[in-house]
Amino acid sequence: MSGRSTTGATASGVHEETRQDRRSTGLRRTVSDLLSRRPTLVAAVVVLLGALALSATHVRHYSELSPVDELQHIDYLYKAPEVVRNGEKVEQDAMREQACRTLPNYPAPPCSETATYDPDDFQELGTNTAAIYTPLYYTLTKAVAMPLQAVTGMESLVTAARLVGGLWLGAGLVMTLLVARRLGAHPYPTAGLLLAGAATPNVVLPSATVTPDAAALLAGASLVWSVLWWEQRPGVRRLWLPALLALAVVALKALNVIVVVLVALYVVLRLVQRLAWPRDEAGEERPGRDVPGRRGPSVGQSAALVTVVSAVALAGAIGYVLFSSANAVASSEGVSMAERVRADTFPTLQTVEHIGVFLNVLYAPGWWVTTPFIGPVVQNLVGMVAFAGTFAAAFLTDRVPRTTRTLAVSLLVVGVVGAPLIITFSYVSQGMFVPIPGRYALTLVPAGLAIAAATLRSRAARLVVGLAGVTLYLAVLGWMLVP
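Predicted model, so just to flag it, every value in this text is computed and none were measured.

Conventions we followed
- Residues numbered from 1 in each chain as written.
- Predicted model: local features only at pLDDT ≥ 70, side-chain atom pairs only at ≥ 80, totals over all residues.
- Heavy atoms only, no water.
- Disulfide = S-S within 2.5 Å.
- Helix = DSSP H or I, 4+ residues; strand = E, 2+ residues; numbered from the N terminus.
- Buried < 20%, exposed > 50% of the residue type's maximum accessible area, 1.4 Å probe, protein only.
- Phe/Tyr/Trp six-rings, centres within 6.5 Å; stacked < 30°, edge-to-face > 60°.
- Contact = heavy atoms within 4.5 Å.
- Expected span 1.5 Å × (residues − 1).
- Patch = residues over 30% accessible without salt bridge, like charges linked within 9 Å, V, L, I, M, F, W, Y side chains within 5 Å.
- Areas by Shrake-Rupley, 256 points an atom, 1.4 Å probe, with all protein chains shown as cover.
- Salt bridge = Lys/Arg side-chain N within 4 Å of Asp/Glu carboxyl O.

**Focus: the state of the cysteines**
- Summed over all chains, the structure comprises 1 disulfide.
- Across the disulfide from C100 sits C111; the S-S distance is 2.0 Å. Between C100 and C111, the disulfide has an S-S torsion of 80° and is therefore right-handed. Taken together, the residues span a long stretch of sequence, with C100 in helix α4 (residues 92-101) and C111 in the loop between α4 and α5 (136-152) at a distance of 11 residues.
- For C100, a relative accessible area of 33% corresponds to the partly exposed category.

**Side note on the packing of aromatic side chains**
- Taken as a whole and judged by the stated rule, the model has 12 aromatic pairs.
- With a centroid separation of 6.2 Å and an interplanar angle of 70°, the aromatic rings of F358 and Y363 are classed as edge-to-face.
- Given the relative accessible area of 0%, F358 is considered buried.
- Each residue in the set Y76, Y137, Y138 and W168 is aromatic and connected to the rest through ring pairs, giving one cluster.

**Digging into the side chain of H73**
- Mapped onto the elements, H73 comes out in helix α3 (residues 70-79).
- What makes H73 buried here is its relative accessible area of 4%.
- When near neighbours in sequence (up to four residues on either side) are disregarded, H73 contacts V68, A130, Y133, Y138, V210, T211 and P212.

**Concerning the environment of V90**
- Following the sequence through the fold, V90 ends up in the loop between α3 and α4.
- Along the sequence, V90 and P119 sit 29 residues apart, while their C-alpha atoms lie 6.7 Å from each other.
- Beyond its immediate sequence surroundings of up to four residues, V90 is in contact with L71, D75, K79, M95, P119, G126 and N128.

**Remarks on helix α9 (residues 216-232)**
- Taking 1.5 Å per residue as the helical rise, α9 with its 17 residues ought to reach 24 Å, and the 25 Å between its terminal C-alpha atoms agrees with that figure.
- For α9, a buried count of 16 out of 17 residues is recorded, marking the element as mostly surrounded by other parts of the structure.

**Remarks on a nonpolar patch on the surface**
- There is a patch of nonpolar side chains on the surface, built from V261, V352, I355, L359, F387, F391, F395, L396, V413, V416, V417 and L421 and spanning about 960 Å² of accessible area.
- Looking at the nonpolar patch, the elements that each hand over two or more residues are α15 (374-396) and α16 (402-430).
- Secondary-structure assignment places L421 in helix α16.

**Considerations on the environment of P420**
- Along the chain, the position of P420 falls in helix α16.
- Separated by 64 residues in the primary sequence, P420 and G356 place their C-alpha atoms 8.7 Å from one another.
- Discounting chain neighbours no more than four positions away, the residues touching P420 are T351, H354 and I355.

**Structural notes on the pattern of salt bridges**
- Applying the stated rule across the entire model yields 8 salt bridges.
- Of the charged contacts, one joins K79 and D75 as a salt bridge, the two residues approaching to 2.8 Å between their closest N and O atoms. In this pair, K79 and D75 are both assigned in helix α3, 4 residues apart and thus about one turn of the helix distant.
- Given a relative accessible area of 9%, K79 falls into the buried group.
- R439 serves as the salt-bridge partner of D213, at 3.3 Å between the closest nitrogen and oxygen. Within this pair, whereas D213 is found in the loop between α8 (201-204) and α9, its partner R439 is found in the loop between α16 and α17 (445-454), the two being separated by 226 residues in sequence.
- A relative accessible area of 8% places D213 in the buried class.

This is the structure we're talking about:
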């Protein structure tokens, strides 16, 4: 009896080990199949989760108000979907957030749940300088933040809204990945590069605070992707998407119009190529390459897209500026920001000085960085990769699709003239001059990173950039987690 029991137990153990081995083998096979057959899906999930983790970590790491006008953006968040008008004052909810969170280098009244604050005690005499923006970003963010606050029990709507920034960032990275795939990039090294880009100060700060800049990557990537999608089958049936997105881009922030300039220039240059250097690109079947035997958009189709997208964007941007001016509730006189940016004559010298500053789409982060030392280092490295990839795609290699090369040339041209165009637009539409900060180039970041990823043709280059990107991302994430 004892011998038979021992033998039975041994056999049962062997069968159990065999079943475990089979399950382990099946799991490995499933993972292997997923990685090889669905690489874009896997990469999209990785960058989305990475964006959420990065934004949430920053929200925990940095609780103070951002010096980049977050008081005004918080006030707009509380008031959304109502339109904030020029001259309107910030209200108690926003002032209490600043008093309790504090604003670096700015004295504020003490935190109190019962005090009634005086707007004059806050920057810009309590005037909401975010009145130049539409309610679109604030309304969409609030629509997600309020249920999130209710479900989690968060005390502050601002904390919930900051966490929504991770969704804006994640969606922007996923759309950038899709742009890169259309340009012929491999998904895994692209994911590494995108994670590193997300960890740069210019991207992570707006993605974890309340500001319309949180939506910049999604706006820029979506518009570029829509034009590449339209180009596959040009015509009226697909024209609606680039037109709608062009309007949404400037509705989020008028100065996002720079990415509209990028796609319009790209379409024009593609047309010039087809007219001046027609050739058959047979055999090019990688994503983003011209379809063999299919001719590109005609002159009329290209002209229609450029005209519609440009007209919609300019009408939306200038139209809201005029609407905002016509519905002002008070003069901006005495408001320091208004006085600083007012320009009585065209700023010719400053315009010339800004030529070429967007050649690096991750333009210098400026005076405020929430991840000192490590953040600027990562931004410099990723910025160099983005510029080197763009320059190489434009002039140094013939191994990328013509689509990628043309977009790279377009991005370099906009990099040279983009900041002067924004200065000119600001002066003509609002009579103001603002020294261009790095965040004004955020809608160009997706194109720069996607092009750089598409230039990685060798396995060694992909491995190095992919692993380096993940390493930089983890370095910033770890830096924020250390007390």
